[in-house]
Amino acid sequence: MAASVIEASRVGLTFQTADGPVHALKDVDLTIGQGDFVSFIGPSGCGKTTLLRAIAALETPTAGRLSVNGMTPDAARKARAYGYVFQAPGLYPWRTIAGNISLPLEIMGFQRADRKQRIQRVLDLVDLAGFGGKFPWQLSGGMQQRASIARALAFDADILLMDEPFGALDEIVRDRLNEALLALWAKTGKTIGFVTHSIPEAVYLSTRIVVMSPRPGRITRIIESPLPRERPLDIRDTPEFIALAHEVREGLREGHSYD
Amino acid sequence: MTEAAAPGGVGGLMRRGAQGRTFPVLTVLLAIVAIWYFAAIGMNAQWVRDQAARSDTVLTTTQFVGQTLTLDRPVLPAPHQVAVGLWDGIAGQKVTSKRSLIYHGWVTLSATLAGFAIGSLAGILLAVGIVHNRAMDQSVMPWAVASQTVPILAIAPMVIVVFASAGVTGLLPKAVIAAWLSFFPVLVGMVKGLRTPDAMQLDLMRSWSASQSQQFWRLRLPSSMPYLFASLKVAVAAALVGTIVGELPAGASSGLGARLLSGSYYGQTVQIWSALFTAAALAALLVTVIGLIEKLTLQRMGLAR
């Protein structure tokens, strides 16, 4: 495995609520290497989103050690280590697509000429060249989500964290975006953390699949994918794919996710 | 844009008149004028009857109705009397004359605009503080609410007197009263507006390590624009009311409020109603102007579809 980018050892995260403590994460051990595509899968409440947010320093673990690029998540965020993509595109309606992609660049202090060049490059990367001048509402849901991915890529973070980015889209659009995401990953060599609750999506995309279970949120199984890095959509009909999907399902059952 | 679909030509125009907005608007207007005429006849009837009894004359119905609608000091002037009063006040006087409604309207308008500017600015600044500072959220809001529960009619004379004792008269005291009324809607609207960004949008900002001021200028402020304009419309109307109330005490000699007061002193009801209509027209004008600025701004921001 390549150099590790994200390392978690015995990470725990407990929310204090009015009804007492909620153990969102418990004893999470995980290492993500450079260029890995890691999916987090599990039922709701298993802490997969919390883990991703902890890596992004949007939540703070209450136990264990978590490092990103050898730094604390907080320091890594300030060093622009990652781009984050949420389930909703979260584009500002008062900015054009180019303006939205420009937003993090403005905040980080990139010069105007540099911004323009970067916007052009990431628009090409997500196949939205020519749509920079459009407002978000003029684009379909799938295109909006691609724009939000472009926004996360614009400042050249090595890590892309995606929290159910295609969860709100229909299956046909989702298939196309999954394919496009793999192409983008192959082209850029980013390390990707991807939260999903779709077994086929996790199996199709990932080099490693992290199966999680709830109460307390923990990792029950980490599955290395034997599939080649180059994956046409019809790989999903191969016996290897189906066997892998079966293994993920087994992992979920093991964690009593179907109870 | 529903009317844009109406077909052209004369037939289309007539259909548009019948189906569109023109017909219902005219109907309502005519109904109001009709009710007003009936009310004027009814309310002025007693006076006409008394006059007739005193001079021992018997009036025909036509004479009776005619007299109720042409009294010098009617209880309720008829629409055409107010129209004449308005016309005389606006077009029949030199603009600098003390009898010109344009002169009095300008005095009121200038204080309204000053008060509106002060009030809106105060409302926006307080809202920014409230959204960013928990202590301010808990300490300022109750006082803001309390300030609006005090009747403005009770506050206005005090403000005028306090300012007058400090030697300040004219525009400023009235503007302060106008600001008193107009800061509140802006405050409430802006607090709501600045808080519209959802958790995800704020998380995005955090993921880029955006500073508080970047978060404010690039996310919170643009998000609040629709709320700002809605509250500005309420605020400008409130500022006008505040100014007029500020012109009532202290025997101010100019402004629509002074015009109302002198009208009521001398039983000049036509004068009162003319001043009232001028004030209403002023309010409509101000709200329209803000609506126009709103439309342009939101269009430029891509928020108007």
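Only a predicted model underlies this, so the values are computations on that prediction, with no experimental measurement involved. (Residues numbered from 1 in each chain as written. Chains lettered and ligands numbered in written order. Predicted model: local features only at pLDDT ≥ 70, side-chain atom pairs only at ≥ 80, totals over all residues. Heavy atoms only, no water.)

Let's talk about the interface of chain A and chain B
Next up, step 1: Tallying the contact residues gives 24 residues for chain A and 19 residues for chain B.
Next up, step 2: Around 2,100 Å² of area is buried between chain A and chain B when both sides are counted, 63% of it from carbon and sulfur atoms.
Next up, step 3: When the buried area of chain A at its contact with chain B is split by residue, Tyr-92, Trp-94 and Ile-107 of chain A rank highest and sum to 33% of it.
Next up, step 4: For the pair chain A and chain B, the number of links is two salt bridges.
Next up, step 5: Glu-106 of chain A serves as the salt-bridge partner of Arg-218 of chain B, at 2.4 Å between the closest nitrogen and oxygen.
Next up, step 6: The tally of links from chain A across to chain B stands at five residue pairs in polar contact (both at pLDDT 80 or more). (Contact = heavy atoms within 4.5 Å. Buried area = accessible area lost by both parts, 1.4 Å probe. Salt bridge = Lys/Arg side-chain N within 4 Å of Asp/Glu carboxyl O. Polar contact = N/O pair within 3.5 Å; in protein donor to acceptor, adjacent residues only side chain to side chain.)

Some remarks on the sheet that holds strand E7 (residues 191-196) of chain A
Residues and elements named next belong to chain A.
Next up, step 1: Here we have six strands laid out as an open sheet, ordered E5-E6-E7-E3-E8-E9, and mixed in their pairing. Looking at strand neighbours, the two that pair on one side only are strand E5 (82-85) and strand E9 (218-224), the edges of this open sheet. In this sheet, adjacent strand axes meet at a mean angle of 15° when their direction is disregarded.
Next up, step 2: As judged from the six bridges shared by strand E8 (residues 208-213) and E9, these two strands associate in the antiparallel manner. For Ser-213, the partnering residue across the bridge sits in E9 and is Arg-218.
Next up, step 3: Strand contacts of helix H8 (residues 239-254): strand E3 (37-41), E8 and E9, with the helix running at about 165° to E9, the strand carrying the most contacts. (Pairing = 2+ DSSP bridges. Helix = DSSP H or I, 4+ residues; strand = E, 2+ residues; numbered from the N terminus. Axes fitted to C-alpha atoms, helices over the stretch in contact; angles between N-to-C directions.)

A few points about a nonpolar patch on the surface
Residue and element names in this part refer to chain B.
Next up, step 1: A cluster of nonpolar side chains, namely Ile-90, Val-95 and Ile-102, defines an oily patch on the protein surface of about 240 Å² accessible area.
Next up, step 2: Of note, Val-95 is situated in the loop between helix H4 (79-91) and helix H5 (101-132).
Next up, step 3: Judged by its relative accessible area of 51%, Val-95 is exposed. (Patch = residues over 30% accessible without salt bridge, like charges linked within 9 Å, V, L, I, M, F, W, Y side chains within 5 Å. Areas by Shrake-Rupley, 256 points an atom, 1.4 Å probe, with all protein chains shown as cover. Buried < 20%, exposed > 50% of the residue type's maximum accessible area, 1.4 Å probe, protein only.)

Some thoughts on the pattern of salt bridges
Next up, step 1: Scanning all chains against the criterion turns up 20 salt bridges over all chains.
Next up, step 2: Measuring nitrogen to oxygen at the nearest pair gives 2.9 Å for the salt bridge that ties Arg-53 of chain A to Glu-59 of chain A. Glu-59 of chain A carries the same exposure label as Arg-53 of chain A, and that label is buried.
Next up, step 3: Linking Arg-121 of chain A and Asp-156 of chain A is a salt bridge whose minimum nitrogen-to-oxygen distance equals 3.4 Å. Of this pair, Arg-121 of chain A sits in helix H4 (residues 112-125) while Asp-156 of chain A sits in the loop between helix H5 (141-153) and strand E6 (159-163), and the two are 35 residues apart along the sequence.
Next up, step 4: A single network of salt bridges, built from pairs that share partners, joins Arg-53 and Glu-59 of chain A together with Asp-203 and Arg-206 of chain B.

Quick look at the side chain of Ser-100 of chain B
Next up, step 1: Note on placement: Ser-100 of chain B falls in the loop between H4 and H5.
Next up, step 2: On the accessibility criterion, Ser-100 of chain B (0% relative accessible area) is buried.

Observations regarding the confidence of the model for chain B
All names here are of chain B.
Next up, step 1: On average, residues of chain B carry a pLDDT of 86, and 92% of them reach 70 or more.
Next up, step 2: Predicted confidence in chain B is weakest over helix H1 (residues 9-19), with a mean pLDDT of 57, and strongest over H5, with 93.
Next up, step 3: The low-confidence segment residues 1-8 (pLDDT under 50) makes six contacts with residues lying over four places distant or belonging to another chain.
Next up, step 4: Taken together, the chains of this predicted complex give a pTM of 0.80 and an interface ipTM of 0.86. (pLDDT = per-residue confidence, 0-100.)

Considering the packing of helix H2 (residues 22-54) of chain B against H4 of chain B
All names here are of chain B.
Next up, step 1: Interhelical geometry of H2 versus H4 gives an angle of 105° and a closest axis separation of 9 Å. The pairing of H2 with H4 is recorded here as roughly perpendicular in orientation. Together, Val-33, Trp-36 and Tyr-37 of H2 and Pro-79, His-80 and Val-82 of H4 make up the contact between the two elements. (Parallel < 35°, antiparallel > 145°, perpendicular 65-115°, else oblique.)

Some thoughts on the sheet that holds strand E4 (residues 63-68) of chain A
Residue and element names in this part refer to chain A.
Next up, step 1: With antiparallel pairing, the three strands of this open sheet are ordered in space as E2-E1-E4. The open sheet is flanked by strand E2 (20-33) and E4, the only strands paired with a single partner. On average, each strand axis in the sheet is tilted by 25° relative to the strand beside it, whichever way the strands run.
Next up, step 2: Both strand E1 (residues 4-17) and E2 contribute to a ladder of ten bridges, which runs antiparallel. Opposite Gln-16, over in E2, you have Pro-21 as the bridge partner.
Next up, step 3: Each of E1, E2 and E4 touches helix H1 (residues 48-55); the most contacted strand, E2, lies at about 65° to it.

So, the domain arrangement of chain B
Residues and elements named next belong to chain B.
Next up, step 1: On domain assignment, one finds that chain B holds domain 1 (2-76) and domain 2 (101-300).
Next up, step 2: Taking only C-alpha atoms into account, the centre of domain 1 sits 35 Å from that of domain 2.
Next up, step 3: In this assembly, five residues from domain 1 lie in contact with seven residues from domain 2.
Next up, step 4: When domain 1 packs against domain 2, the two sides together hide about 470 Å² of surface, and 57% of this comes from carbon and sulfur. (Domains from an automatic or database assignment.)

Focus: helix H8 (residues 171-194) of chain B
The α-helix advances 3.6 residues per turn, and as a result positions three or four apart in sequence lie on the same side.
Next up, step 1: End to end, H8 of chain B covers 32 Å across 24 residues, agreeing with the expected 34 Å (1.5 Å per residue, within 8%).
Next up, step 2: Burial analysis of H8 of chain B places 18 of its 24 residues in the buried class, the great majority of the element. (Expected span 1.5 Å × (residues − 1).)

Looking at the side chain of Arg-146 of chain A
All names here are of chain A.
Next up, step 1: Relative to the helices and strands, Arg-146 is located in helix H5.
Next up, step 2: As a buried residue without a salt bridge, Arg-146 has its nearest oppositely charged side chain in Asp-127, at a separation of 5.2 Å.
Next up, step 3: Every residue in contact with Arg-146, bar those within four places of it in the chain, is listed here: Val-126, Asp-127, Leu-128, Arg-176 and Leu-177. (Lys, Arg positive; Asp, Glu negative; His and termini not counted.)

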